[in-house]
Each structure stands twice: as structure tokens, then as C-alpha cells.
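# Structural overview
Each chain, letter by letter, is given below.
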Amino acid sequence: MIELLWSIFDITLVLLLLALAWTTCSTQDVKRAVTLFIAMGLLLAIVWARLKAPDLALAEAVIGAGISGALLLSAIRDYPSTTMVSHRSRLIEGIINSLTLALVILMSWAVWHGLNMSDGVRLSAQVISQLPVSGVSNPVTAVLLNFRAYDTLLELAVVLTAVLTVLTLNEKRTDYQVSSHLLQGMTRWLVPLLVVTSGYLLWVGAHAPGGAFQAGAMLAAAMILLQLAYPSMRQEFNLYLLRILLVIGIFTFVLVGLWMMSLNDDFLAFTPAWAGTLILIIETAATLSIATALTLAYLGGRPMGWEDTNRTNRSIAENGGAE
Amino acid sequence: MIDTLAILAIFSGLFFFLSGSIGLLRLPDLFTRLHALAKADNVGLALVALGVIILEPAVINDIKIVIIWLLVMAASAISSHLVARHALRENRKDD
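Keep in mind the model is a prediction, meaning the values are calculated, not measured.

Turning to the overall build of chain B, a few remarks are in order. Tallying secondary structure elements over chain B gives 3 helices and 0 strands in all. Helices and strands in chain B line up, N terminus first, as α-α-α. Taking 12 Å as the expected radius of gyration for a compact globule of 95 residues, we find that chain B reaches 16 Å, considerably beyond that expectation. For chain B, the spread of C-alpha atoms along the principal axes amounts to about 50 × 25 × 10 Å. When each of the 95 residues of chain B is scored for burial, the buried share is 24%. Pairs at least 24 residues apart make up 75% of the contacts formed inside chain B by residues separated by at least 6 positions. Carbon and sulfur atoms make up 74% of the accessible area of chain B, which totals about 6,300 Å².

In C-alpha cells:
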């Protein structure tokens, strides 16, 4: 009976997800597409939770639905509500469709093959057997920060590159109008709660679902909320500190990697006795960098005075000349 | 007995969610829809949370559920307020 109820629930969930994905892609209204995409992200988080992948569910809810949603909403802010999504020609549309179809077929084959492969090396068994020397007891964190730490380092580099591109392209977007007192009131007690939750996710990542990406995204959410409620606060950022925070994740990661190379001959080959501490240090730095990167991406460009921090004198001279 | 109570709470919560959704689809303008959605969702979530608390023996998880309920309630009240205020400022041109 219970199994039947669960399968009804799961089938409804999957059908809803497909319906939302379809309407997100087929709607002509950009704002509607973004709203539907956020709803789809939340539903996808529930699907991950049902698949017993709470780490992915957390990441999808915080990053996929939350931060991506905020980024998309701020990106389409100036669009009129009825803007058409596509002005592409038939040929390009046809190419995109056939590539997508090829990708779907390839992925279906990969999933089918993965489920039915009977012999060969299973990665999860290897992870579980090596877990004791990884320094953490959460297998997901063990893979991300120890066994495949190099991949995570490159992921951080991708985030940094994306944000540097955003900073190169634009000044920050104009502020929203001053918000309501109710929102400010809620922000005042929600931001400390978000900061504490972020710290909790960072700490708990060692033995339960959580970790740097989720914690960083939650910290960024707190910053975005602050900016929405108090638009004028932005000028009080210490921009020099912001630059350090932006790169501290990769810097710490590479530094620890090189240090371990001097001891163990391989880049990022952790000494098992220190692995737990090293992972926590890297994750803390990464959390700060991810939060800074996502916040800057949300601003959509350089905050006011960004260039001035490293060439103060010239900038003042230029401004003086202009006036 | 306890289980019956929990199921009763959860299903009456679901009833409120259902009526909120029907209100969202059927009511004529933005303000009445917001009204239906926010009220029904808060009570609905409260009843579902109550049912789950009855079923969940660990006190720490019960506290987490209550905190989630409070957060959702605050967020839904304030987002309804913001949507309504924005609509008022746009001179109700958008239903």
C-alpha cells in the first residue's frame, strides 16, 4: 500500500517536472519562462531528495533554483514582459534541435548502460573502501575534496573566470527603488539566520549532506537579500577585501595542493592524518570565494569604485581633470 | 489513535492547499488570488507540519519543522505584501 502511494507520488512528480520543462522551453514570454524555470528547479530538488541524493537536492534548491533564479530575474529586469524568446532562423533552430536530440540519445544510452553494466569496476564501492583515509565520513565530500579534488579546483576556476568576465563587461546594474520596511525588517533577522545556516552547511559537509558550494550559495543569498532590502548599503563594501575574498578559495586550494606535493610527490595528494583539517580549510576559503563570486555576478558588473582600488592616484587625477 | 490524528491533520492541511490552488485559478484579480494563496498556504502548511510533528518522535526534528513553518509563513506574508504593493503602484494595470 505504502509502495503504491510512493509510486503514485513519484510518477506525478516526474510528469509535473516534464510538463514544467516543456512549458519553460515553449513559452514566448521571457519572464514567464524564468518563473517556470525556478519552479522547475524546486521540483527537481524534490526529485533528487526522492532519489536519496540529499547533497544534490540541497545544491539544486540553493544554486539551481535560488541563485540562478535571482541571476536570471536580474538579467531580464529591463525586458518588457512580452519579449519574444527567440529570433533565430530556421536553420539554426534545426541544428540546435538535432544536437539536443543527439545529446538526449547519448545520455539515455549512458544511463541504460550504467544501470545494466554487470561487471567492471564500480566507483561507489571504491569510494566506500577508501573512505577511512579521506579525512571525512561523507562520501560526496570525500570525492569532491579529496579523490577528485582537482576537478573541484577547476570548478572554482570556472566560477572565478565567469565572474571576471562579468566584471570586465559591465558597470553594476542600477539599484532597485528603496524597498518596503517589511522587507527590511524580515531581512534583519533572516540574514543572521542565513549566515549561521551557511556555517552549519560548511561544517556538516564533513559527515552529512552539505559543503562549500551549498554554504557559499546560501551566504550569497544573504548578501543578495541585503542588497535588495538596503540598496544604499552597497557603497560600504570594502572593495579591496572583496578582491581578496574573490580569489582566496583558489589561492588556498592551490597552496595546499603544492604543499602536499612537496610532501607526497603528487599535487593535492593529502596526507590522511591531516586530510580532514585540510579539507575544512579549503572548504572555508572556497565558501567565501563562491559567496563573493555569486554576489558580484548578481550585481551584474563592477561595483562603484572597483577600478579605483588599485590605481587611486590616476583615477583621482582623471576625475579632477574631468571636473 | 495518534496516527489517526496525524493523518487527519495532514489531510485537512492538504484540503487548504487544494482550496488555495483552486482560488489561485478561479478568482478574478491579483489581490483576491494573493489572499487565497497566502492564507490557505499558511494554514495548510501549519496543519501538515502538525501532522508530521505528531509522527516524528525526535524532538530536534520537530523543532526544525516548526522553524521551517515559521520561515515559510514570514516569507509568504512578505512576498504577498511586496507583490500587492507593486501591483498597486502599477495602478492595477496588470491583473
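Turning our attention to the overall build of chain A. What chain A contains, in helices and strands, is 12 helices and 0 strands. The order of α-helices and β-strands along chain A, N terminus first, is α-α-α-α-α-α-α-α-α-α-α-α. Within the span of chain A, comprising 323 residues, buried residues form 36% of the whole. Partitioning the contacts of chain A with sequence separation of at least 6, the portion at a separation of at least 24 is 73%.

Once that is clear, we can look at the environment of lysine 64 of chain B. Residue and element names in this part refer to chain B. Considering the arrangement of structural elements, one finds lysine 64 in helix H3 (residues 59-89). Accessibility expressed as a relative area gives 44% for lysine 64, which makes it partly exposed. Sequence spacing of lysine 64 and isoleucine 53 is 11 residues, and the spatial spacing of their C-alpha atoms is 9.8 Å.

Turning our eyes to something else, we now look at the domain arrangement of chain A. Residues and elements named next belong to chain A. Under the domain assignment, chain A is made up of domain 1 (1-79) and domain 2 (138-314). For domain 1 and domain 2, the distance between their C-alpha centres works out to 24 Å. Across the boundary between the two partners, domain 1 contributes 12 residues, which contact 19 residues of domain 2. For domain 1, the biggest contributors to the area lost against domain 2 are Asp55, Ile67 and Arg77; these three give 43% of the whole. For the pair domain 1 and domain 2, the interface holds 0 salt bridges. Split by residue class, the side of domain 1 that touches domain 2 holds 9 nonpolar, 1 polar and 2 charged.

Right, let's get into the interface of chain A and chain B. With 10 residues of chain A in contact, the opposing surface of chain B contributes 8 residues. Between chain A and chain B the total buried area reaches about 710 Å² when both faces are included, carbon and sulfur atoms providing 75% of it. Counting every contact that joins chain A to chain B gives 0 salt bridges. Joining chain A to chain B, the criterion identifies 1 residue pair in polar contact (both at pLDDT 80 or more).

What follows is about a nonpolar patch on the surface. Residues and elements named next belong to chain A. A grouping of Met1, Ile2, Leu4, Leu5, Trp6, Ile8, Phe9 and Ile46 is seen on the molecular surface, where their side chains present a nonpolar patch of about 840 Å² in accessible area. The dominant element in the nonpolar patch, judged by the number of residues it contributes, is helix H1 (residues 2-26), at 6 residues. Following the sequence through the fold, methionine 1 ends up in the segment before H1. By relative accessible area, methionine 1 is classed as exposed at 71%.

Taken as a class, soluble globular proteins show a tendency for nonpolar side chains to be buried jointly. Among the nonpolar cores identified, the biggest contains 55 residues, and Val163, Leu246, Phe253, Phe270 and Leu296 of chain A are the most heavily contacted of them. Those elements that provide at least two residues to this core are helix H3 (54-75), helix H6 (139-147), helix H7 (149-169), helix H8 (181-204), helix H9 (212-229), helix H10 (239-264) and helix H11 (272-299) of chain A together with H3 of chain B. The biggest single contributor to this core is H11 of chain A, with 12 residues. Split by domain, the residues of this core number at least three in each of domain 1 (1-79) and domain 2 (138-314) of chain A. If we ignore the near neighbours within four places in the chain, the residues touching phenylalanine 270 of chain A are Leu145, Asn146, Val256, Met260, Asn264, Ala275, Leu278, Ile279 and Ile282 of chain A.

Secondary-structure assignment places serine 180 of chain A in the loop between H7 and H8. Among the polar contacts made by the side chain of serine 180 of chain A, one reaches the main-chain amide nitrogen of leucine 182 of chain A at a distance of 3.1 Å. At 3.3 Å, the side chain of serine 180 of chain A forms a polar contact with the side chain of histidine 81 of chain B. Among all residues touching serine 180 of chain A, those that are not within four sequence positions of it are His81, Leu82 and Arg85 of chain B.

This part covers the layout of surface pockets. All names here are of chain A. Space inside the second largest pocket adds up to approximately 810 Å³. In terms of lining residues, the second largest pocket is bounded by 34 residues, among which Pro139, Val140, Thr141, Val143 and Leu144 are the most central. Put simply, the parts of the chain that give the lining of the second largest pocket at least two residues each are H3, helix H5 (123-130), H6, H7, H9 and H11. Per-element tally for the lining of the second largest pocket: the top contributor is H6, with 7 residues. Classifying every residue of the lining of the second largest pocket gives 20 nonpolar, 8 polar and 6 charged. Two domains share the lining of the second largest pocket, each providing at least three of its residues, namely domain 1 (1-79) and domain 2 (138-314).

Residue and element names in this part refer to chain A. The contact between H3 and H9 brings their axes to 9 Å, and the two run at 30°. Compared by their axis directions, H3 and H9 come out roughly parallel. In this structure, the crossing between H3 and H9 has a hand that is left-handed. In this structure, H3 contributes Asp55, Leu58, Ala59, Val62, Ile63, Ile67 and Ala70 to the contact, and H9 contributes Phe213, Gln214, Ala217, Met218, Ala220, Ala221 and Ile224. Per-class residue counts for the contact of H3 with H9 are 12 nonpolar, 1 polar and 1 charged.

Rules of the game
Residues numbered from 1 in each chain as written. Chains lettered and ligands numbered in written order. Predicted model: local features only at pLDDT ≥ 70, side-chain atom pairs only at ≥ 80, totals over all residues. Heavy atoms only, no water. Helix = DSSP H or I, 4+ residues; strand = E, 2+ residues; numbered from the N terminus. Rg over C-alpha atoms; globule rule 2.2 N^0.38 Å. Buried < 20%, exposed > 50% of the residue type's maximum accessible area, 1.4 Å probe, protein only. Contact = heavy atoms within 4.5 Å. Areas by Shrake-Rupley, 256 points an atom, 1.4 Å probe, with all protein chains shown as cover. Domains from an automatic or database assignment. Buried area = accessible area lost by both parts, 1.4 Å probe. Salt bridge = Lys/Arg side-chain N within 4 Å of Asp/Glu carboxyl O. Nonpolar A, V, L, I, M, F, W, Y, C, P; charged D, E, K, R; others polar. Polar contact = N/O pair within 3.5 Å; in protein donor to acceptor, adjacent residues only side chain to side chain. Patch = residues over 30% accessible without salt bridge, like charges linked within 9 Å, V, L, I, M, F, W, Y side chains within 5 Å. Core = buried A, V, L, I, M, F, W, Y, C linked by side-chain atoms within 4.5 Å. 1 Å grid on protein atoms, 1.4 Å probe; cavity = no way out; pocket = protein on both sides within 12 Å on 5 of 7 lines; lining within 4 Å. Points joined across faces, edges and corners; volume = space filled by probe spheres on them. Axes fitted to C-alpha atoms, helices over the stretch in contact; angles between N-to-C directions. Parallel < 35°, antiparallel > 145°, perpendicular 65-115°, else oblique. Left-handed = near helix turned anticlockwise from the far one by under 90°.

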